[in-house]
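# Report on the structure
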Amino acid sequence: MKNIKKYFEFSGTINGTNYVLRNLLATLGGFIGGFTVGMGIGASVPIITVLGGLFLIPVFWFNACTIYKRSKSLFPEYAVAITIAMFLLQIFGEVNTWFSVPALIMGLILIFKNSNIEEHNG
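The sections below set out a description of the structure shown in this document. Quick caveat: nothing in here was measured; it's all calculated off a predicted structure. (Residues numbered from 1 in each chain as written. Predicted model: local features only at pLDDT ≥ 70, side-chain atom pairs only at ≥ 80, totals over all residues. Heavy atoms only, no water.)

## Notes on the overall build of the chain
The helix and strand inventory of the chain stands at 5 helices and 0 strands. When the helices and strands of the chain are read in sequence order from the N terminus, they spell out α-α-α-α-α. C-alpha extents for the chain along the principal axes are approximately 50 × 40 × 20 Å. Looking at the 122 residues of the chain, the share that counts as buried comes to 32%. Here the analysis covers contacts within the chain between residues at least 6 apart in sequence; of these, 68% occur between residues at least 24 apart. (Helix = DSSP H or I, 4+ residues; strand = E, 2+ residues; numbered from the N terminus. Buried < 20%, exposed > 50% of the residue type's maximum accessible area, 1.4 Å probe, protein only. Contact = heavy atoms within 4.5 Å.)

Okay, here's the thing in structure tokens:
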């Protein structure tokens, strides 16, 4: 259980490869949850909609932890601000695509920039 717990804690750091892999997992979880919510709405079955929404809660938490850990490894003093900004940019990017550009740039920085940390523990 401790190995799973580390994925949902706001502590430690991760490298760019783990950041990409965790984002792929979060995207898959988000797709499954979003599909379930949409299926529940389309079929007018509220319990399916609620179950899909409940499935999305740990996905969002996992994604927030992932962004925080990678931000902490690159910019420790701004990790919280970067995490909040990335979430807001991703949400507003759904409404206006211009918000997706800074999110894309920051995402690429989080993936490709090297940190000064020898061994990541997140």
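## Comments concerning helix α5 (residues 100-112)
Between its terminal C-alpha atoms α5 stretches 18 Å, which fits the 18 Å expected from 13 residues at 1.5 Å a residue. Among the structural elements, α2 (16-42), α3 (46-74) and α4 (79-93) are those in contact with the buried residues of α5. (Expected span 1.5 Å × (residues − 1).)

## Considering α4
Over its 15 residues, α4 runs 21 Å from end to end, which matches the ideal 21 Å to within 8%, given 1.5 Å per residue. On its buried face, α4 sits against α2, α3 and α5.

## Things to note about a nonpolar patch on the surface
Judged by side-chain polarity, Leu25, Leu28, Phe31, Ile32, Phe35, Met39 and Phe55 come together as a nonpolar surface patch covering roughly 720 Å² of accessible area. Looking at which element gives the most residues to the nonpolar patch, the answer is α2, with 6 residues. Relative to the assigned elements, Phe55 resides in helix α3. (Patch = residues over 30% accessible without salt bridge, like charges linked within 9 Å, V, L, I, M, F, W, Y side chains within 5 Å. Areas by Shrake-Rupley, 256 points an atom, 1.4 Å probe, with all protein chains shown as cover. Salt bridge = Lys/Arg side-chain N within 4 Å of Asp/Glu carboxyl O.)

## Some thoughts on the side chain of Asn63
In this structure, Asn63 sits in helix α3. Sequence-distant contacts of Asn63, defined by excluding residues within four places in its chain, comprise Asn23, Ala26, Phe87 and Gln90.

## Some thoughts on the packing of α2 against α3
Packing of α2 against α3 brings their axes to within 8 Å, and their N-to-C directions diverge by 165°. Considering the angle they form, α2 stands roughly antiparallel to α3. The two elements α2 and α3 cross, and the hand of that crossing is left-handed. When grouped by side-chain class, the residues that make up the contact of α2 with α3 number 13 nonpolar, 13 polar and 3 charged. (Axes fitted to C-alpha atoms, helices over the stretch in contact; angles between N-to-C directions. Parallel < 35°, antiparallel > 145°, perpendicular 65-115°, else oblique. Left-handed = near helix turned anticlockwise from the far one by under 90°. Nonpolar A, V, L, I, M, F, W, Y, C, P; charged D, E, K, R; others polar.)

## Concerning the nonpolar core
Of all hydrophobic cores here, the largest spans 10 residues; its members are Ile14, Tyr19, Ala64, Ile67, Leu74, Ile82, Met86, Phe87, Met106 and Leu110. Every element with two or more residues in this core is listed here: α3, α4 and α5. (Core = buried A, V, L, I, M, F, W, Y, C linked by side-chain atoms within 4.5 Å.)

## Digging into the packing of aromatic side chains
Per the counting criterion, the structure on display carries 6 aromatic pairs. Pairing Phe8 with Phe62 gives two aromatic rings, centres 5.7 Å apart and planes at 55°, and the pair type is tilted. Highlighted residues: Phe8 in the loop between α1 (2-5) and α2 and Phe62 in helix α3, separated in sequence by 54 residues. When the ring of Phe92 is compared with that of Phe99, the centres are 5.5 Å apart and the planes differ by 45°; the resulting orientation is tilted. The exposure class of Phe92 is partly exposed, given its relative accessible area of 39%. On the basis of relative accessibility, which here comes to 35%, the residue Phe99 falls in the partly exposed class. Following the ring pairs from residue to residue traces out a cluster consisting of Tyr7, Phe8 and Phe62. (Phe/Tyr/Trp six-rings, centres within 6.5 Å; stacked < 30°, edge-to-face > 60°.)

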